[in-house]
Structure formats: structure tokens, C-alpha cells
Amino acid sequence: MEETRARPGWKQVPMPSAVAGLPRDGRGYPVGWATLWEPRDSPGRSSVIRSPEEGAVLWCYCVTGTGTPLLGQVCPRRQRTAMARRRCQLCGTAIDRDMKVLFIAGRSEGKAAQLVPEPPLHAACAAYAARVCPRLVVGDRAGALHVTEASSYELFEERVRPSGPDPEADMLREVFPLGSRSALRFGALENLLASPAGTWVPFAAWFAGLPPSGSSGSPF
Ligand SMILES: [Zn+2]
Ligand SMILES: [Zn+2]
């Protein structure tokens, strides 16, 4: 796996207080609440379980603080919780209804009306991650980043089902409206995808418009 690289001087960037309480990796990076943890010895990290409301669900058994954090990779279980409950993927706390949620999209997402797999962020947490290292949040998908701030977002289900012997490579995936009946028949729920009601701007333009680091205006 490629190394997540810090921006120079990242330790001087003031940390939002909710971020300061997160576990750290070997370099002192805060490990985002939604980050996937690689368990120390158990080989099986996830399995498909049955839920009365959601049908088949891809369940993840990783435990925060146990094993190795895989920065930039998101736990599917916490991914869904963050999306469904409007929780910040970095600090893990709720984003108030009267506050806008910020989404960062990588690669081709963010160019047109599209669905975002990265859970929402507080604006202050996003600004912190952007100053320290955007890959803290988006991992290897940090190709052509775009940002939107939205009051609300609509949710969709990304479901998967095996189509061949290799459970990783031979996976069919399809997107359904939240709660659709055909989704239940298709396969296991992996991610919730967001369609934010906001305008996408290039990451660089959004970053250039941030107030200077350390100024007030943080909700923490
Ligand atoms: Zn997990
Ligand atoms: Zn946050």
C-alpha cells in the first residue's frame, strides 16, 4: 500500500477538539472514526448477515483501536452509520441539522450529478484533513478531488453479489434507491451512497478559500 504523505508542518495545524480525542497511528496521525482497522490475527474481517429491514448486509467486524488502521480505507459498517445518521467520518460526532455537511469526492465523482461513497464531514474537520493530508479522508481516490457543502443529501444503496469464484474480483455491484424491493433481491448492502444537494467545486478552489488556519469560526 502506498504511504499516506503528510503535508509539511502538519503537526502545527490546530486540531479540532473532537479530532484530538481520536486514536493515532505510528506517525501521530489522528485515525478517522470511519477508518477500517486490520485485525491482528483473525483472517475473516467481514461476512454477510441478515437484517429484517435491510436484508443481506455486509457486516464488518473491525474494532477501532485494535490492530492496524488502514488510513484512507473506510469500514463499511461505519460508512453506513455515518451516511444514515449524518455523522462526521473524521471525528465521528453528529453534524447539526442547521450546519452544512461537506462531501469530498475523488476521481470522476464530483464532476456531474453523481453518488458519493465518502461519508460527510464537518466543515472544520474537512479543513483540518485538507491541511494535514486529504488522503486521511479519501485514501487512494484522491485523484481529482471535488468538494461540496450541502444542507441535505439523498441516500442510495450500493449492493453487491458474487458472480464467480473469486469473492474480491468477481463481484457485481448495483445502486438502488434507499429501501427498494429489488435491492433486497439483488444482494448484500455494502455502502450507502450520497447525492448531496450542493454545487461541486474543485478541491483546490475550495482549499484556497479557507480562512487562515488557526482563525476562529470552528464549531468546536
Ligand atoms: Zn469495520
Ligand atoms: Zn467532524
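Starting from 1, residues in each chain are numbered consecutively following that chain's sequence as written. For this description, chains carry letters from A and ligands carry numbers from 1, given in the order in which they are written. Confidence filtering applies because this is a predicted model: local features only for residues at pLDDT of at least 70, side-chain atom pairs given and counted only at 80 or more, and all residues used for totals across whole chains, interfaces and linings. Side-chain measures here rest on the full set of heavy atoms in the structure, leaving out hydrogens and waters.

### Section: the packing of aromatic side chains
Turning to step 1, where the next piece is worked out: Two rings belonging to Phe, Tyr or Trp (six-membered ring only in the last case) form a pair when the distance between their centres is within 6.5 Å. Interplanar angles under 30 degrees mark stacking, angles over 60 mark edge-to-face geometry, and anything in between is tilted. Applying the stated criterion across every chain, the model contains five aromatic pairs.
Turning to step 2, where the next piece is worked out: Three or more aromatic residues joined by ring pairs form one cluster here, namely F203, W206 and F207.

### Some words on the nonpolar core
It is characteristic of soluble globular proteins that their nonpolar side chains tend to be buried jointly.
Turning to step 1, where the next piece is worked out: Side-chain atoms within 4.5 Å are what join buried Ala, Val, Leu, Ile, Met, Phe, Trp, Tyr and Cys residues into a set we call a nonpolar core. Buried, partly exposed and exposed residues are distinguished by accessible area as a fraction of the type maximum, computed with a 1.4 Å probe on protein chains only: under 20%, between the cut-offs, and over 50%, respectively. Grouped together as the largest cluster of nonpolar side chains are 48 residues, with contacts concentrated most on L90, F103, L121 and W206.
Turning to step 2, where the next piece is worked out: Tallying contributions element by element places helix α3 (residues 123-132) first for this core, with seven residues.
Turning to step 3, where the next piece is worked out: Residue contacts are defined here by distance: any two heavy atoms, one from each residue, within 4.5 Å place the two residues in contact. In contact with F103, other than residues within four places in its own chain, are M83, V116, E118, P119, P120, H146, V147, T148, Y153, A194, P196 and W200. Think of it this way: any DSSP run of H or I at least four residues long counts as a helix, any run of E at least two long counts as a strand, and we number them from the N terminus.

### Some points on helix α2 (residues 76-85)
Turning to step 1, where the next piece is worked out: Those residues of α2 not exposed but buried are P76, R78, Q79, R80, A82 and M83.
Turning to step 2, where the next piece is worked out: Looking at the buried positions of α2, the neighbouring elements they touch are β1 (35-38), β3 (55-60), β4 (68-74), β5 (101-105), β7 (153-162) and β9 (188-196).
Turning to step 3, where the next piece is worked out: Downstream of α2 by one or two residues, R86 has phi in the positive range, about 55 degrees.

### Description of the coordination of the zinc ion (ligand 2)
Turning to step 1, where the next piece is worked out: Note on donors: an N, O or S atom is included if it sits within 2.8 Å of the metal, or within 3.2 Å for Na, K and Ca, and water is never included, so sites can look incomplete. Distances from the zinc ion (ligand 2) to its protein donors, C88 (SG), C91 (SG), H122 (ND1) and C125 (SG), fall at 2.2 to 2.4 Å.
Turning to step 2, where the next piece is worked out: Donor residues for the zinc ion (ligand 2) sit on one chain with the sequence pattern C-x2-C-x30-H-x2-C. Of this pair, C91 sits in the loop between α2 and β5 while H122 sits in the loop between β5 and α3; the two residues are 31 residues apart in sequence, bridging distant segments of the chain. Across the pair, exposure class does not vary: C91 and H122 are buried alike.

### As for the sheet that holds strand β10 (residues 201-202)
Turning to step 1, where the next piece is worked out: Any two strands are treated as partners once DSSP identifies two or more bridges connecting them. An order of β5-β6-β10 is seen for the three strands of this open sheet, with the pairing classed as antiparallel. Bordering the open sheet on either side are β5 and β10, each of which pairs with just one other strand.
Turning to step 2, where the next piece is worked out: Strand direction decides the pairing type here: β5 and strand β6 (residues 146-150), joined by five bridges, are antiparallel. Bridge pairing links L102 to E149 in β6.

### A look at the pattern of salt bridges
Turning to step 1, where the next piece is worked out: Should a side-chain nitrogen of Lys or Arg be within 4 Å of a carboxyl oxygen of Asp or Glu, the pair is scored as a salt bridge. One pass over the full model with this rule turns up four salt bridges.
Turning to step 2, where the next piece is worked out: A salt bridge links R159 to E157; the shortest N-O distance between them is 2.8 Å.
Turning to step 3, where the next piece is worked out: Taking the relative accessible area as the measure of exposure, R159 reaches 0% and is therefore buried.
Turning to step 4, where the next piece is worked out: Judged by relative accessible area, E157 falls into the buried class, the value being 6%.
Turning to step 5, where the next piece is worked out: What you see here is one network of salt bridges that share partners, running through E158, R173 and E190.

### Regarding the confidence of the model for the protein
Close reading of the predicted structure is inappropriate where its pLDDT is low.
Turning to step 1, where the next piece is worked out: Predictor confidence is given residue by residue as pLDDT, running from a minimum of 0 to a maximum of 100. Taken over all residues, the pLDDT of the protein has a mean of 85, while the share at 70 or more is 83%.
Turning to step 2, where the next piece is worked out: Predicted confidence for residues 216-220 stays below pLDDT 50, and this span has ten contacts to residues more than four positions away or in other chains.

### As for the side chain of T35
Turning to step 1, where the next piece is worked out: By secondary structure assignment, the location of T35 is in strand β1.
Turning to step 2, where the next piece is worked out: Here T35 is in contact with P69, L70, L71, Q73, C75 and R78, once residues within four sequence places are set aside.

### A closer look at unusual backbone geometry
Turning to step 1, where the next piece is worked out: The phi torsion at R86 lies on the positive side, around 55 degrees, for a residue other than glycine.
Turning to step 2, where the next piece is worked out: Tracing the backbone through its elements, the reader meets R86 in the loop between α2 and β5.

### Details of the side chain of R78
Turning to step 1, where the next piece is worked out: With respect to the element layout, R78 can be found in helix α2.
Turning to step 2, where the next piece is worked out: Only four residue types enter the charge count, namely Lys and Arg as positive and Asp and Glu as negative; His and the chain termini do not. With no salt bridge to any partner, buried R78 finds its closest opposite charge in E38, at an N-O distance of 12 Å.
Turning to step 3, where the next piece is worked out: Polar contact is the term for a pair of N or O atoms within 3.5 Å; when the atoms are in protein, one must be able to donate a hydrogen and the other to accept it, and sequence-neighboring residues count only if both atoms are side-chain atoms. In this structure the side chain of R78 is engaged in a polar contact, spanning 3.4 Å, whose partner is the side chain of T64.
Turning to step 4, where the next piece is worked out: For R78, the contacting residues outside a window of four places in its chain are W33, A34, T35, L36, W37, C62 and T64.

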